[in-house]
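Spelled out, the chains give:
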Amino acid sequence: MSSNAAIADDLRARIINEPTVILDDPDVMRALVAANDKMMGANIVDLRGIAMDRLEARLDQLEETHRSVIAAAYENLAGTNQIHRAVLRLLEAPDFETLLGLLDDDLAATLRVDCVRLVLETDGDQAGAAPAVPGEALRMMGPGFARSYAGNGTSRPPRRVVLRRTGTHCEQVYGSEAGALRSEALLTLDLGPERRPALLALGSADPQQFTPNQGTDLMDFFAGTVERVLRRWLA
């Protein structure tokens with residue numbers, strides 16, 4: 001017996017003993033099906049081969065869907081962890097000044113954004129003036145500014161959380177850093193029945209970080225936390 005025959009016998013014996021080696025290899029199975037189609041000729045329609053092709057395509061789609069679901073789950077988990085860390089940092093602030101200092105420093109880093117601004121509405125000459133706090137995180141604006149800015153100048157009440165691209169007037173909120181920002185998350189805050197609404201603005205240089213088609217559940221939870229913290233200190 002020649003060496004070629006011996007190799008063929010060994011291969012044949014292995015396939016017989018371990019058929020799953022062939023069945024579990026999609027490239028080998030595809031080559032076998034193609035060879036079978038070539039042997040049958042062009043005038044014969046192989047319905048089994050067509051069915052296998054369709055099943056393989058469906059399997060590929062299921063695998064892609066599976067990868068997408070896993071990626072989305074990890075992304076949601078990472079987002080949840082970010083919000084939880086940000087909430088803990090806010091709760092650790094011993095006073096309002098420290099809280100303002102955290103906004104554009106630790107909080108921005110925790111949420112992985114480039115700029116954080118807290119907008120409070122006030123009357124008279126104080127509008128447009130910002131106290132000397134680290135990073136100019138606090139902006140004082142006139143009555144109605146929060147609703148107007150979050151609602152793009154419309155009269156209808158904006159959603160509690162607005163995710164969008166930054167507009168031409170974002171320098172009112174972000175100041176000198178506005179030119180580098182491409183997207184923003186706007187959280188409208190209810191500070192109580194005797195106070196005007198406030199706005200927490202998160203600005204990002206990434207145009208895709210905040211888009212209207214994203215979910216807002218985590219941001220809504222974070223807005224509720226910020227509201228309660230501010231009510232405590234502003235009281």
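Just so it is clear, the structure is predicted and the values come from calculations on it, not from any experiment.

Trainee: Would you mind showing me how to read the overall build of the protein chain here?
Mentor: When helices and strands are tallied, the protein chain shows eight helices and five strands. Put simply, the protein chain runs from its N terminus to its C terminus through helices and strands in the order α-α-α-α-α-β-β-α-β-α-β-β-α. Per-residue burial over the protein chain gives 34% buried out of 235 residues. For the protein chain, long-range pairs separated by at least 24 residues make up 56% of all intrachain contacts whose partners lie at least 6 apart in sequence. Carbon and sulfur atoms provide 55% of the accessible area of the protein chain, an area that totals close to 14800 Å².

Trainee: When you look at empty space enclosed by the protein in this model, what are you seeing that I'm missing?
Mentor: Over the atoms rolls a probe the size of a water molecule, and in doing so it shows where empty space is left. Applying the stated criterion across every chain yields a total of one cavity of 30 Å³ or more. Volume-wise, the largest cavity comes out at about 40 Å³. Only helix 5 (96–111) and helix 8 (217–234) provide two or more residues apiece to the lining of the largest cavity. Residue classes in the lining of the largest cavity are distributed as seven nonpolar, no polar and no charged.

Trainee: Looking at this structure, I do not really get the pattern of salt bridges. What am I missing?
Mentor: Counted by the stated rule, this structure contains nine salt bridges. Among the salt bridges present, the one from Glu92 reaches Arg89, with a minimum N-O distance of 2.4 Å. On the basis of relative accessibility, which here comes to 51%, the residue Glu92 falls in the exposed class. Note that Arg160 is salt-bridged to Asp220, the shortest N-O span being 2.8 Å. Taken together, the positions of Arg160 in the loop between helix 6 (145–150) and strand 3 (161–165) and Asp220 in helix 8 put the pair 60 residues apart, joining distant regions of the chain. When its relative accessible area of 28% is taken as the criterion, Arg160 is described as partly exposed.

Trainee: Please explain helix 5 as it appears in this structure.
Mentor: Residues spaced three or four apart along an α-helix point in a common direction, a consequence of the helix completing one turn every 3.6 residues. Of all the bends in helix 5, the greatest, near 55°, is centred on Leu102. Within the sequence span of helix 5, burial applies to Phe96, Leu99, Leu100, Gly101, Leu102, Leu103, Asp104, Leu107, Ala108, Thr110 and Leu111. N-capping of helix 5 is provided by Asp95, with a side-chain oxygen placed 3.3 Å from the backbone N of Glu97. Positive phi shows up at Arg112, right after helix 5, with a value of about 60°.

Trainee: Help me understand the sheet that holds strand 4 (residues 183–189) in this model?
Mentor: Neighbouring strands of a sheet are bound in pairs by backbone hydrogen bonds; such pairs are parallel or else antiparallel. If you walk across this open sheet you meet the five strands as 2-1-5-4-3, and the pairing is mixed. Where the open sheet ends on each side, the last strands, each with one partner, are strand 2 (138–141) and strand 3. Pairs of neighbouring strands in the sheet enclose a mean axial angle of 20°, with direction left out of account. Pairing geometry for strand 3 and strand 4, over five bridges, is antiparallel. Following the sheet pairing, Arg164 is matched in strand 4 by Glu184. The strands that helix 5 touches are strand 1 (115–121), strand 2 and strand 5 (198–204); relative to strand 1, the one it contacts most, it runs at about 140°.

Trainee: Mind showing me how you'd approach the layout of surface pockets here?
Mentor: Roughly 640 Å³ of volume is contained in the largest pocket. Lining the largest pocket are 19 residues; nearest its centre among them are Glu75, Gly79, Gln214, Gly215 and Leu218. Per element, the largest residue contribution to the lining of the largest pocket is seven residues, and it comes from helix 4 (residues 47–91). Computed from the structure, the second largest pocket encloses a volume of approximately 340 Å³. Taken together, 14 residues form the lining of the second largest pocket, with Pro26, Met29, Arg30, Met52 and Glu56 sitting closest to its centre. A total of seven residues in the lining of the second largest pocket trace back to one element, the largest contributor, which is helix 4.

Trainee: When you look at the nonpolar core in this model, what are you seeing that I'm missing?
Mentor: One broad rule of soluble globular proteins: the nonpolar side chains tend to lie buried together. Residues Leu118, Leu187, Leu189, Leu200, Leu202 and Phe222 are the most contacted members of the largest nonpolar core, which totals 36 residues. Put simply, the parts of the chain that give this core at least two residues each are helix 4, helix 5, strand 1, strand 2, strand 3, strand 4, strand 5 and helix 8. Among the elements that line this core, the one with the most residues is helix 5, at eight residues.

Trainee: So what exactly am I meant to see when it comes to the pairing of strand 4 here?
Mentor: For a regular strand, the rule is simple: side chains alternate between the two faces of the sheet. Across the seven residues of strand 4, seven count as buried, placing the element largely inside the fold. By the bridge criterion, seven bridges tie strand 4 to strand 5 in an arrangement that is antiparallel. In the sheet register, Ser183 faces strand 5, and the bridge partner there is Ser204.

So, how was this worked out
- Residues numbered from 1 in each chain as written.
- Predicted model: local features only at pLDDT ≥ 70, side-chain atom pairs only at ≥ 80, totals over all residues.
- Heavy atoms only, no water.
- Helix = DSSP H or I, 4+ residues; strand = E, 2+ residues; numbered from the N terminus.
- Buried < 20%, exposed > 50% of the residue type's maximum accessible area, 1.4 Å probe, protein only.
- Contact = heavy atoms within 4.5 Å.
- Areas by Shrake-Rupley, 256 points an atom, 1.4 Å probe, with all protein chains shown as cover.
- 1 Å grid on protein atoms, 1.4 Å probe; cavity = no way out; pocket = protein on both sides within 12 Å on 5 of 7 lines; lining within 4 Å.
- Points joined across faces, edges and corners; volume = space filled by probe spheres on them.
- Nonpolar A, V, L, I, M, F, W, Y, C, P; charged D, E, K, R; others polar.
- Salt bridge = Lys/Arg side-chain N within 4 Å of Asp/Glu carboxyl O.
- Bend = angle between axes of the 7 residues up to and from the residue.
- Polar contact = N/O pair within 3.5 Å; in protein donor to acceptor, adjacent residues only side chain to side chain.
- Pairing = 2+ DSSP bridges.
- Axes fitted to C-alpha atoms, helices over the stretch in contact; angles between N-to-C directions.
- Core = buried A, V, L, I, M, F, W, Y, C linked by side-chain atoms within 4.5 Å.

Geometry only, nothing functional implied.
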